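# Structural overview
Spelled out, the chains give:
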Amino acid sequence: MTSDTHEDALAPAPRQAPAPKPRVTAKTKLTGREARRKRRKARRRGEEILAWILVPLIVLALWWSANAVFDFFGTTPSTVWDQLMMAKKQLEKKGLP
């Protein structure tokens, strides 16, 4: 019975190299899932590139349009802000929230 408790260490299992992925060529046709995954990846990459271009353009367009509106009315943002604060003080004096 005591001979069962003194066994040798287990030998490591032989490792097998992972099978190489088959190259996708014109001869091998993609499955439906693989084709959809490839299209989705390309679409996401395109959307990211488009977003990095369009978001700054939209922000700039909003900035320029706000400046154009202030120029059209012949005022500045600081003047408008000061007038809003004056109106707020007048309403507070009257007791309105």
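Worth saying up front: this structure is predicted, and the values here are computed from it rather than measured. (Residues numbered from 1 in each chain as written. Predicted model: local features only at pLDDT ≥ 70, side-chain atom pairs only at ≥ 80, totals over all residues. Heavy atoms only, no water.)

## What to know about the overall build of the protein chain
Within the protein chain, the secondary structure is distributed over three helices and zero strands. Relative to its full complement of 97 residues, the protein chain shows a buried share of 0%. Carbon and sulfur atoms make up 64% of the accessible area of the protein chain, which totals about 10,300 Å². (Helix = DSSP H or I, 4+ residues; strand = E, 2+ residues; numbered from the N terminus. Buried < 20%, exposed > 50% of the residue type's maximum accessible area, 1.4 Å probe, protein only. Areas by Shrake-Rupley, 256 points an atom, 1.4 Å probe, with all protein chains shown as cover.)

## A closer look at the confidence of the model for the protein chain
Predicted confidence across the protein chain gives a mean pLDDT of 87, with 87% of residues reaching 70 or more. Across the protein chain, the element-wise mean pLDDT spans from 62 in helix α1 (residues 2–5) up to 95 in helix α2 (residues 32–73). (pLDDT = per-residue confidence, 0-100.)

## With respect to the pattern of salt bridges
With the rule as written, the count across this model stands at one salt bridge. Two residues, Arg43 and Glu47, come together in a salt bridge whose shortest N-O distance is 3.6 Å. Of this pair, Arg43 and Glu47 both sit in helix α2, four residues apart, which is roughly one turn of that helix. Take Arg43: its relative accessible area is 46%, and that puts it in the partly exposed class. (Salt bridge = Lys/Arg side-chain N within 4 Å of Asp/Glu carboxyl O.)

## Examining a positive patch on the surface
A cluster of basic residues, Arg33, Arg36, Arg37, Arg39, Arg40 and Arg44, forms a positive patch on the protein surface. Judged by relative accessible area, which is 54%, Arg39 ranks as exposed. (Patch = residues over 30% accessible without salt bridge, like charges linked within 9 Å, V, L, I, M, F, W, Y side chains within 5 Å. Lys, Arg positive; Asp, Glu negative; His and termini not counted. Charge placed at Lys NZ, Arg CZ, Asp CG, Glu CD.)

## Focus: the packing of aromatic side chains
Across all of its chains, the model carries one aromatic pair by this definition. Between Phe72 and Phe73 the ring centres are 5.2 Å apart and the planes differ by 80°, which places this aromatic pair in the edge-to-face class. Just as Phe72 is exposed, Phe73 falls in that class too. (Phe/Tyr/Trp six-rings, centres within 6.5 Å; stacked < 30°, edge-to-face > 60°.)

## Points about α2
Its 42 residues place the ends of α2 59 Å apart at the C-alpha level, agreeing with the 62 Å of an ideal helix rising 1.5 Å per residue. Largest kink in α2: about 25°, centred on Ala51. Gly74, located one to two residues past α2, shows a positive phi value of around 70°. (Expected span 1.5 Å × (residues − 1). Bend = angle between axes of the 7 residues up to and from the residue.)

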